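A look at the structure
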Amino acid sequence: MDYKNAGVDIEAGYKSVELMKEHIKKTMREEVLTNIGGFSGAFSLDKFKNMEHPTLVSGTDGVGTKLKLAFIMDQHDTIGIDCVAMCVNDIACAGGEPLFFLDYIACGKNYPEKIAAIVSGVAEGCSQSDAALIGGETAEMPGFYPEDEYDLAGFAVGIVDQKDLITGQNIKPGDALIGIASSGVHSNGFSLVRKIFDMTKESLNTYYDELGKTLGEALLAPTRIYVKALRSVKEAGVTIKGCSHITGGGFYENIPRMLPEGVRAVINKDSYEVPAIFKLMAKKGNIEEEMMYNTYNMGIGMILAVDSADVDKTICALKAAGEDAYLVGTVEAGGKGVTLC
């Protein structure tokens, strides 16, 4: 009896690491001091010593049950982008610059090519956010996960000068709310998605005219990463007073998280076109509008609070960064919360 007979293939683990390296090296930053394969990753902070009060910010998350779609479609090269996005977007919400990322993959059986495909997506997400992929872990856990399934989670660390932290405390009545378009459902609410649609390869490969693609392509579209977009706004000279990453809980849970006491957000639902995938989900699942906005991003992945005088400058900066952006609402005096009208 040996470890391989128990279900853990150490040689496959070695091969996975070798296949990963070509993707990982694309994410390297000059501050990285270690190579992949060591016991830890080291990252120099010398570049940031001129900050008045350098402050670390962090984020951790997983992809959730969206992974089930990747299993069914046998497509694993984009799901890593979702994992990175869920972490670095939260860091960007605080005004931080992501520095490095680590991933954790747990699987029933280590198929090196599949693991490498997952990591290629992680590396792409890191490239999109200028974060270095400095380490990770692949755990083969036979008997715990089915052989063809895995879980994926990650952890990111960023930095911001304390004076540049986005806290929301200066948001006041009259401020404007700018919405940045999402790329689709992103990585939240998939337990409900899987109740709305049949989770079969045939169903996911069905083409919908209103989507302009198959259902699976629309649902598996990776989460948009907003790090460079927010940097563009800052470089345009705009002070972002508050920032909300629209994840699980939709508008109703996430927008109030950036607000101080005594103000509420008023969102105009007609200020932008809700993407077809959400309309299809509401129709197929017979889901009430309030529940849709309480679960999904509804086409807006991030909302910024800025001074009303900075609206045009903010939207121009976002569009220059390749984002679709809209004036979606305002801040009013009242109990902390959100009103959709």
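The model shown is predicted, which means the values in this text are computed figures rather than measured ones.

Thresholds, definitions, all that
Residues numbered from 1 in each chain as written. Predicted model: local features only at pLDDT ≥ 70, side-chain atom pairs only at ≥ 80, totals over all residues. Heavy atoms only, no water. Salt bridge = Lys/Arg side-chain N within 4 Å of Asp/Glu carboxyl O. Buried < 20%, exposed > 50% of the residue type's maximum accessible area, 1.4 Å probe, protein only. Helix = DSSP H or I, 4+ residues; strand = E, 2+ residues; numbered from the N terminus. Arc of directions from axis to C-beta. Contact = heavy atoms within 4.5 Å. Pairing = 2+ DSSP bridges. Core = buried A, V, L, I, M, F, W, Y, C linked by side-chain atoms within 4.5 Å. Expected span 1.5 Å × (residues − 1). Bend = angle between axes of the 7 residues up to and from the residue. Polar contact = N/O pair within 3.5 Å; in protein donor to acceptor, adjacent residues only side chain to side chain.

1. Topic: the pattern of salt bridges
- Taken as a whole, this structure holds 17 salt bridges when the rule is applied.
- Measuring nitrogen to oxygen at the nearest pair gives 3.0 Å for the salt bridge that ties Arg29 to Glu31. Pair check on accessibility: Arg29 and Glu31 agree, each one buried.
- Residue Lys172 is joined to Asp175 by a salt bridge in which the shortest nitrogen-to-oxygen separation is 3.2 Å.
- The exposure class of Lys172 is partly exposed, given its relative accessible area of 37%.
- The exposure class assigned to Asp175 is buried, which follows from its relative accessible area of 1%.
- Members of the salt-bridge network, linked through shared partners, are Arg29, Glu31, Lys47 and Glu97.

2. Remarks on helix α12 (residues 311-320)
- Here α12 has its buried residues at Val311, Thr314, Ile315, Ala317 and Leu318. Taken around the axis of α12, the buried residues stretch over an arc of 160°, which confines them to a single face. Among the exposed residues of α12, those oriented more than 90 degrees off its buried face are Asp312, Cys316, Lys319 and Ala320.
- Those residues of α12 that are buried are in contact with β5 (176-181), α8 (227-235), β10 (300-306) and β11 (325-333).
- Looking one or two places after α12, you find Gly322, whose phi comes out positive at around 90°.

3. Side note on the pairing of strand β4 (residues 150-161)
- The element β4 is largely enclosed, with a buried count of nine among its 12 residues.
- Across nine bridges, the pairing between strand β1 (residues 54-62) and β4 is antiparallel. Bridging from a neighbouring strand, Gly59 pairs with Ala156 of β4.

4. Some thoughts on the nonpolar core
- Core analysis: the biggest nonpolar cluster contains 94 residues, and Leu219, Phe251, Met281 and Leu304 have the highest contact counts within it.
- The biggest single contributor to this core is helix α3 (residues 79-93), with 10 residues.
- With sequence-adjacent residues up to four places away left out, Phe251 is seen in contact with Ile246, Pro256, Ile267, Tyr272, Tyr293, Tyr296, Asn297, Met298, Ile300, Val338 and Leu340.

5. Let's talk about α3
- With 15 residues, α3 ought to run about 21 Å at 1.5 Å a step, and its terminal C-alpha atoms sit 22 Å apart, in line with that.
- Roughly 25° is the biggest bend found in α3, and it falls at Ala85.
- For α3, a buried count of 14 out of 15 residues is recorded, marking the element as mostly surrounded by other parts of the structure.
- Positioned one or two residues after α3, Gly95 has a phi angle of 90°, which is positive.

6. Overview of unusual backbone geometry
- Unusually for a residue other than glycine, Asp130 sits at a positive phi of about 60°.
- For Asp130, the location among the structural elements is in the loop between α4 (112-129) and β3 (132-140).
- Phi at Met298 takes a positive value of approximately 55°, unusual for a residue other than glycine.
- Its location among the elements puts Met298 in the loop between α11 (289-293) and β10.
- Note on Met298: relative accessible area 5%, which makes it buried.

7. Details of the side chain of Ser182
- When you line up the elements, Ser182 lands in the loop between β5 and α5 (190-196).
- Residue classification places Ser182 among the buried residues on the basis of a relative accessible area of 14%.
- A polar contact is formed between the side chain of Ser182 and the backbone oxygen of Gly184, at a distance of 3.2 Å.
- Among the polar contacts made by the side chain of Ser182, one reaches the side chain of Asn297 at a distance of 2.8 Å.
- Once residues lying within four places of it in the same chain are set aside, the contact partners of Ser182 are Tyr226, Asn297, Gly299, Ile300 and Gly301.

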